[in-house]
Number of protein chains: 2
Amino acid sequence: MATAKVWSGRRQYEGLPKLDDFVLKEEVLPPLKDGEILIEALYLSLDPYYRLFPVKDGLPGEQVARIIESKAPGFPKGALVCAHVGWRSKSVIDVNKPLGLGIKVELIDEVPGLSPSLWIGAIGMPGVTAYMSFLERLNPKKGEVIVVSAASGAVGSIVGQLAKTQGLVVIGLAGSEDKCKFIEEIGFDHAINYKKENIASALDKYAPNGIDIFYDNVGGEIRDTVYSKLREKGRVLVCGQISAYNEPQDKVANWYMPIVRKELEIKGFYIFGDKNVKEFPRVRKALVPLFKQNKLKAKEHITNGFENMPKAFIELFTGSNFGKAVVKA
Amino acid sequence: MATAKVWSGRRQYEGLPKLDDFVLKEEVLPPLKDGEILIEALYLSLDPYYRLFPVKDGLPGEQVARIIESKAPGFPKGALVCAHVGWRSKSVIDVNKPLGLGIKVELIDEVPGLSPSLWIGAIGMPGVTAYMSFLERLNPKKGEVIVVSAASGAVGSIVGQLAKTQGLVVIGLAGSEDKCKFIEEIGFDHAINYKKENIASALDKYAPNGIDIFYDNVGGEIRDTVYSKLREKGRVLVCGQISAYNEPQDKVANWYMPIVRKELEIKGFYIFGDKNVKEFPRVRKALVPLFKQNKLKAKEHITNGFENMPKAFIELFTGSNFGKAVVKA
């Protein structure tokens, strides 16, 4: 009988997780049934997103593990797997059943020269995230300027390197001199230490014509600053928001996280943009017949008298206005 | 010599605009030069976006006006124009020079049966906004469910009606029984009085399978609720944020307004979405050679010892982590 060490949560986190929130136990594992394997963790992944899950459901976690006993064809003893089994040193798993996050155990190759740990990192979830979201969703083009937040992190460092392979100008934001040095070494064009430098001025220096793409996994104040430097029709990719994970759960669960979880697409529209303004006459021509044919109806809120303009303006914000506000002179 | 009445701002607004923030003066207009016209306001537009501009630059404002004197060929006396001249009863303008927001004066048709006031409303900026942003940017499809906030407003009421012409299910949010009744009368399928009803429950009732499109001009708490009911790959169009306009200027100028002004496109990405998870093996295969060829490099932050998992997890949020966090068992 194998014995596993298992970390579990003592209580739900409040704010930053604390050592005391965790408890380590031993667990005697049952003998293998058909279709099951016994695995032993080699490398365990830790990712910020773990913070978002209720600990009562068990700590989520992926690991690279070695099969030390097998009753499952195709999963030989000695082979390596990736498995979402939580914070466990050993586990008995059914190879045909979904594990955490609905993902089944996956056999992985041992590639000479590459550490198996990469399969939970740069060739695992974070690397796959970077590849799919950046290369396959953002349509990056040579010469564009990208800003990557959390640039030395598991996802950001791969995004920046992939961006270089596509010929983009890559600016990374990181929180220490060491991290900045690292991202420059792996090929980022510019590194900004957001704890020391003024981000806005640094962006003005490195991207005087503005930013085309913002790969944002941080949110908060950094997001505000980068948004203000984006060019027209700039694109933003969000697949995490570490600045929010330790906020109270009702805030984490608010509008921003659905953007990630549901892969929402949000588009801004500015009617006074140069190109849009030029299309006014065309669109007006399309609208007139719709009104003449009574397919569209308009509600107007007409206030009589030029002298009443301020009053009518204020009513726009107090809810007493109803329909398009117009003052008849 | 004509005399104009002109409203100007006494001081920059703080919070909700107040009557005392405005001052009315008389202004003697100069005689016409070549290329100029004298116009008299018939209908003056009031729009929430006016709140965002510094009053020291003059109050922005569009009007439908009649030409009462002309020295500009093609702009005959008696014709109607739309002009961004601010809050003025009469104005002298050069027909070749851009006015407020860079838009030149525009001759408009008098269409029997349609009030000229519509050219600053449903056939003007708000109507054109609705048409272009909804029909030409959102790719709406028959059978989809759209939620329109500020549904009885100048933009929202047209969006909802256009959505009906495309065969969508249209749910409108408005702030009074009268407004709800109105949007039902013009063809919305459902109206929710957000001041009285629980928005989340009402949405569950009218859109049990979730929402495809959210046309959001309001922001704030209403946004949070609707986002939580959006379907996967839901689309959001933002062209205004009335809930934010009366906040302090530094907040209005923050990250949300650039979405509108620059027509940004924001995409969420969720690696654990069913479809994405299925693509892990394909993407891993693409990543491995990039690492083998040294085109990509990975930084790992390895903590030794299964017992140190909580400590390593906490470090993800304190900035001491550097690279992909891995625990070696």
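All values derive from a computational prediction rather than experimental measurement.

Student: Whenever I open this one, the state of the cysteines confuses me. Can you help?
Tutor: Note on terminology: disulfide describes a covalent bond linking the sulfur atoms of two cysteines. All names here are of chain A. In this structure the tally under the stated criterion is zero disulfides over all chains. Looking at Cys239, it has no disulfide partner, and the nearest cysteine sulfur is the one in Cys82, 19 Å off. By relative accessible area, which is 16% here, Cys239 ends up buried.

Student: Looking at this structure, I do not really get the relation of the copies chain B and chain A. What am I missing?
Tutor: Both copies of the chain are related by a screw-like operation: a rotation about an axis and a shift along it. With an RMSD of 0.1 Å, chain B superimposes on chain A once it is rotated by 180 degrees and translated 0.0 Å along the axis. This pairing of chains is accounted for by a two-fold axis. Relative to the rotation axis, the closest C-alpha in chain B is found at Ile266(B), a distance of 2.5 Å. Looking at the interface residues of chain B, 100% of them are also at the interface in chain A, so both copies use one shared face.

Student: Can you help me understand the side chain of Gln63(B) in this one?
Tutor: All names here are of chain B. Residue position: Gln63 is located in strand E4 (residues 62-70). A relative accessible area of 0% means that Gln63 is categorised as buried. Side-chain polar atoms of Gln63 contact the backbone oxygen of Arg88, separated by 2.8 Å. The residues touching Gln63, leaving out its near neighbours within four places in the chain, are Ile39, Glu40, Ala41, Tyr43, Leu44, Val81, Cys82, Ala83, Val85, Gly86, Arg88 and Ile120.

Student: When you look at helix H1 (residues 125-137) of chain B in this model, what are you seeing that I'm missing?
Tutor: Each α-helix turn comprises 3.6 residues. Residues three or four places apart therefore point the same way. Residues and elements named next belong to chain B. Counting buried residues along H1, 10 of its 13 residues qualify, which places the element largely inside the surrounding structure. Buried residues of H1: Met125, Pro126, Gly127, Val128, Thr129, Ala130, Tyr131, Met132, Ser133 and Phe134, and no others. Just beyond H1, the residue with positive phi is Asn139, at close to 50 degrees.

Student: How should the packing of H1(B) against helix H2 (residues 156-165) of chain B be read in this particular structure?
Tutor: Pairs of packed helices are described in terms of their axes, by the angle between the two and the distance that separates them. All names here are of chain B. The N-to-C vectors of H1 and H2 enclose an angle of 45 degrees; their axes lie 8 Å apart at closest approach. Comparing the axis directions of H1 and H2 gives the class oblique. The handedness of the crossing between H1 and H2 is right-handed. Judged by residue contacts, Gly127, Ala130, Tyr131, Phe134 and Leu135 of H1 engage Ile158, Val159, Leu162 and Ala163 from H2. Residues of the contact of H1 with H2, tallied by class, amount to eight nonpolar, one polar and no charged.

Student: I keep staring at the packing of aromatic side chains and nothing clicks. Help me out?
Tutor: One pair of aromatic rings is described through two measures. These are the centre distance and the angle between the planes. Overall, the coordinates contain 26 aromatic pairs over all chains when judged by the stated rule. For the pair Phe214(B) and Tyr227(B), a centre-to-centre distance of 6.1 Å together with 85 degrees between the ring planes defines the contact as edge-to-face. Of this pair, Phe214(B) sits in strand E11 (residues 211-216) while Tyr227(B) sits in helix H5 (residues 220-229), placing them 13 residues apart in sequence. Accessibility assignment for this pair places Phe214(B) and Tyr227(B) in one class, buried. A cation over a ring is seen here: Lys299(A) above Phe182(B), with NZ or CZ 5.4 Å from the ring centre.

Student: Can you walk me through the side chain of Glu315(A) in this structure?
Tutor: Note that Glu315(A) resides in helix H10 (residues 309-318). Apart from residues lying up to four places away in sequence, Glu315(A) is in contact with His301(A), Ser320(A) and Asn321(A).

Student: Help me out: how do you make sense of the sheet that holds strand E8 (residues 145-148) of chain B in this one?
Tutor: Adjacent strands of a sheet pair through backbone hydrogen bonds, lying either parallel or antiparallel. The strand order across the open sheet built from 12 strands is E10(A)-E9(A)-E8(A)-E11(A)-E12(A)-E13(B)-E13(A)-E12(B)-E11(B)-E8(B)-E9(B)-E10(B), with neighbouring strands paired in mixed fashion. Each of the sheet's edge strands pairs with one partner strand only, and the pair in question is strand E10 (190-193) of chain A together with strand E10 (190-193) of chain B. In this sheet, neighbouring strand axes are inclined to one another by 15 degrees on average, regardless of whether the strands run parallel or antiparallel. Note: E11(B) against strand E12 (residues 230-238) of chain B, five bridges, orientation parallel. Within the sheet, the bridge partner assigned to Tyr215(B) lies in E12(B) and is Leu237(B).

Student: What am I meant to see in the interface of chain B and chain A here?
Tutor: Put simply, an interface is often sized by how much accessible area is lost when its parts join up. Facing 139 residues of chain B, the contacting portion of chain A comprises 139 residues. A combined buried area of about 13,000 Å² lies between chain B and chain A, and 69% of that area is made up of carbon and sulfur atoms. Connecting chain B to chain A are 10 salt bridges. A salt bridge links Arg284(B) to Glu106(A); the nearest nitrogen and oxygen atoms lie 2.6 Å apart. Counting every contact that joins chain B to chain A gives 65 residue pairs in polar contact (both at pLDDT 80 or more). The element that contributes the greatest number of residues to the side of chain B that touches chain A is helix H9 (residues 280-292) of chain B, accounting for 11 residues.

Cut-offs used in this document
Residues numbered from 1 in each chain as written. Chains lettered and ligands numbered in written order. Predicted model: local features only at pLDDT ≥ 70, side-chain atom pairs only at ≥ 80, totals over all residues. Heavy atoms only, no water. Disulfide = S-S within 2.5 Å. Buried < 20%, exposed > 50% of the residue type's maximum accessible area, 1.4 Å probe, protein only. Least-squares fit on C-alpha atoms with pLDDT ≥ 70 in both. Contact = heavy atoms within 4.5 Å. Helix = DSSP H or I, 4+ residues; strand = E, 2+ residues; numbered from the N terminus. Polar contact = N/O pair within 3.5 Å; in protein donor to acceptor, adjacent residues only side chain to side chain. Axes fitted to C-alpha atoms, helices over the stretch in contact; angles between N-to-C directions. Parallel < 35°, antiparallel > 145°, perpendicular 65-115°, else oblique. Left-handed = near helix turned anticlockwise from the far one by under 90°. Nonpolar A, V, L, I, M, F, W, Y, C, P; charged D, E, K, R; others polar. Phe/Tyr/Trp six-rings, centres within 6.5 Å; stacked < 30°, edge-to-face > 60°. Lys NZ or Arg CZ within 6 Å of the ring centre and 35° of its normal. Pairing = 2+ DSSP bridges. Buried area = accessible area lost by both parts, 1.4 Å probe. Salt bridge = Lys/Arg side-chain N within 4 Å of Asp/Glu carboxyl O.

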